[in-house]
Amino acid sequence: MTAAVGSVVRIEVTATKGFALRSVPDVRIERTGIVGNREFFLVDIDERLYSVPRDPVFLDLWTSYDPATGVFAVGRGETTECAAPVPADGEHRDFRLDDRTVEGWWAPGPWDELLSDIAARDLRLVRCAEPGGGHDAYPVTVQSTASLAALGSETDGSPVDPRRFRLNLTLDLGRIPFREDTWEGRDVVVGASRLRLGNGVPRCLAVEHHPDGGDRSLKVQRRIRDVRGATPSVWGPAVLFGVYAEVVTPGSVAVGNVVTLLPTQGECS
């Protein structure tokens, strides 16, 4: 039956794939992804995606995009390193992002030189043609507070930093860890959006880098494996944390919104 199972406690996005996350009070979710989230990405001279698994060098840099002015900016902390209008459109073409193809166009600006200097290689910025088009395998990702708590603490005794996992929605679903994993194929209503939860998210070496400074003292993959074991998945036994979600009904989602689990086919509502 229909049941309220929790609430949204944090929403995190990044304008550019591979850069620092920022917490926001609300977002608009379209079928293609979260508006304003991962709408840009970097490629190298061979036009291969350049993101955290290849190099975590940009984890302490933020990017922003203001649709009203068309200004794209890159900064660190309170300092804006560069800012300029980004082309609103261009010649559309296909780019390869890991296992899928994304339509977009070149977005040249002062950031190309800045980011290339930081990474010590030639990089170029691309803008996605669709809102949130630079997402991973699915448009939205989810984790729960209980699952995070199950991982224990950082080496300094603080809770494991949720930003390590670069997921969009953090939900309070009660005290049972990994509850979200048991709802694969189930629909949840979050704010005005309806999401269908999917597979667990396989974790690569990117989670080993702390978002502030890149410290790798905490072996996060090992920690997940110690807590959960090697979890069966569509990719075979894997280290999983968080779950993917596809968008059934677009809508707005805000911190504090109730999360409702919908009945499966054949259940009474």
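Rules of the game
For every chain, the first residue of the written sequence is number 1, and numbering continues from 1 along that sequence. Where local features are concerned, this predicted model is filtered to residues with pLDDT of at least 70; where side-chain atom pairs are given and counted, the filter is 80 or more; whole-chain, interface and lining totals use all residues. The basis for the side-chain values is all heavy atoms of the structure; hydrogens and waters are excluded. A run of DSSP states H or I qualifies as a helix once it reaches four residues; a run of E qualifies as a strand once it reaches two. Both are numbered from the N-terminal end. When we talk radius of gyration, it's over C-alpha atoms, and the globule rule is simply 2.2 Å times the number of residues to the 0.38. Think of it in three bands: residues with accessible area under 20% of the maximum for their type are buried, residues over 50% are exposed, and the middle band is partly exposed, with areas taken using a 1.4 Å probe on protein chains only. Whether two residues are in contact is decided by their heavy atoms: any pair within 4.5 Å suffices. Here the positive residues are Lys and Arg and the negative ones are Asp and Glu; neither His nor the chain ends is included. Throughout, a charge is located at the NZ atom of Lys, the CZ atom of Arg, the CG atom of Asp or the CD atom of Glu. Two strands qualify as a pair provided that DSSP identifies no fewer than 2 bridges between them. Axis lines are fitted to C-alpha atoms, over the contacting stretch for helices. Their N-to-C directions set the angle, which ranges from 0 to 180 degrees. Cavities and pockets were defined on a 1 Å grid built from protein atoms only: a cavity is a group of points that admits a 1.4 Å probe but offers it no way out, a pocket is an open group of points flanked by protein on both sides within 12 Å along at least five of seven lines, and a lining residue is one with an atom within 4 Å of any such point. Grid points are joined across faces, edges and corners, and a volume is the space filled by probe spheres set on the points. Gly counts as polar in this scheme, as do all residues outside two lists: the nonpolar Ala, Val, Leu, Ile, Met, Phe, Trp, Tyr, Cys and Pro, and the charged Asp, Glu, Lys and Arg. Aromatic pairing here means that ring centres of Phe, Tyr or Trp (its six-membered ring) are within 6.5 Å. Orientation follows from the plane angle: under 30 degrees is stacked, over 60 is edge-to-face, and everything else is tilted. As a reminder, the over-ring test applies to NZ of lysine and CZ of arginine, requiring each to be within 6 Å of the ring centre and within 35 degrees of the ring normal.

**Focus: the overall build of the protein**
Looking only at helices and strands, the protein has three helices and 18 strands in total. In summary, the protein has a C-alpha radius of gyration of 19 Å against a globular reference of 18 Å for 269 residues, a match within 12%. Each of the three principal axes of the protein carries a C-alpha extent, and together these read 55 × 40 × 35 Å. The burial tally for the protein puts 48% of its 269 residues in the buried class. Considering only contacts in the protein between residues 6 or more positions apart, those separated by 24 or more positions represent 69%. Seen as two clouds, the 30 positive and the 38 negative side-chain charges of the protein have centres 5 Å apart.

**Regarding the sheet that holds strand β5 (residues 40-44)**
With respect to topology, four strands assemble into an open sheet ordered β5-β11-β10-β9, the strand pairing being antiparallel. Sheet topology places β5 and β9 (93-97) at the edges, where each strand pairs with a single neighbour. This sheet shows a mean twist of 55 degrees between the axes of neighbouring strands, independent of strand direction. Bridging between β9 and strand β10 (residues 100-106) involves five bridges; their strand directions are antiparallel. Each bridged residue has a counterpart across the sheet, and for D94 the counterpart in β10 is E103.

**Details of the layout of surface pockets**
The space that makes up the largest pocket amounts to roughly 720 Å³. For the largest pocket, the lining is made up of 27 residues, of which K17, P53, D98, D136 and Y244 are closest to its centre. Class assignment of the residues belonging to the lining of the largest pocket gives a composition of 14 nonpolar, three polar and 10 charged.

**Points about empty space enclosed by the protein**
According to the stated counting rule, one finds two cavities of 30 Å³ or more in the structure shown. Quantified by volume, the largest cavity comes out at close to 90 Å³. Taken together, A20, L21, V52, L59, R163, R164, R166, A206, H209 and P211 make up the lining of the largest cavity. Looking at side-chain class alone, the lining of the largest cavity contains six nonpolar, one polar and three charged residues. Roughly 60 Å³ of internal volume is contained in the second largest cavity. What lines the second largest cavity is simply N37, R38, H135, D136, Y138, P139, T141, R166 and N168.

**As for the sheet that holds strand β7 (residues 71-76)**
Reading across from one edge, β6-β7-β8 is the order of the three strands in this open sheet, with antiparallel pairing throughout. Of all strands in the sheet, those bounded by a partner on one side alone are β6 (62-66) and β8 (79-85). On average, adjacent strands in this sheet sit at an angle of 15 degrees to one another, irrespective of strand direction. Sheet topology note: the β7/β8 ladder contains six bridges and is antiparallel. Considered in β8, the bridge of R76 is made with T79. Relative to β8, helix α1 (residues 110-119) is tilted by about 140 degrees, and along the sheet it contacts β7 and β8.

**Examining the pairing of strand β13 (residues 169-172)**
Where strand β1 (residues 3-13) lies against β13, four bridges are found, and the strand directions are antiparallel. Along β13, the bridge assignment pairs I11 with L169. Examined bridge by bridge, strand β12 (residues 140-144) and β13 share three bridges and lie parallel to one another. Looking at β13, one finds that S144 is bridged to L171.

**Description of the packing of aromatic side chains**
For the structure on display, the rule yields nine aromatic pairs. Seen in terms of ring centroids, F19 and F58 are 4.8 Å apart; in terms of plane orientation they differ by 5 degrees. Their pairing is stacked. Residue F19 is located in the loop between β1 and β2 (22-23), and its partner F58 is located in the loop between β5 and β6; the two are separated by 39 residues in the primary sequence. Look at F58 and you get buried, because its relative accessible area is 2%. An aromatic cluster is defined as three or more aromatic residues linked by ring pairs; in this entry it consists of F40, Y65, F72 and W111. For the cation-ring pair, R93 lies above F95, with the distance from its terminal atom to the ring centre recorded as 4.5 Å. Taking NZ or CZ as reference, R124 lies 3.6 Å from the ring centre of W106, over its face.

Any functional reading would require information that these geometric values do not contain.
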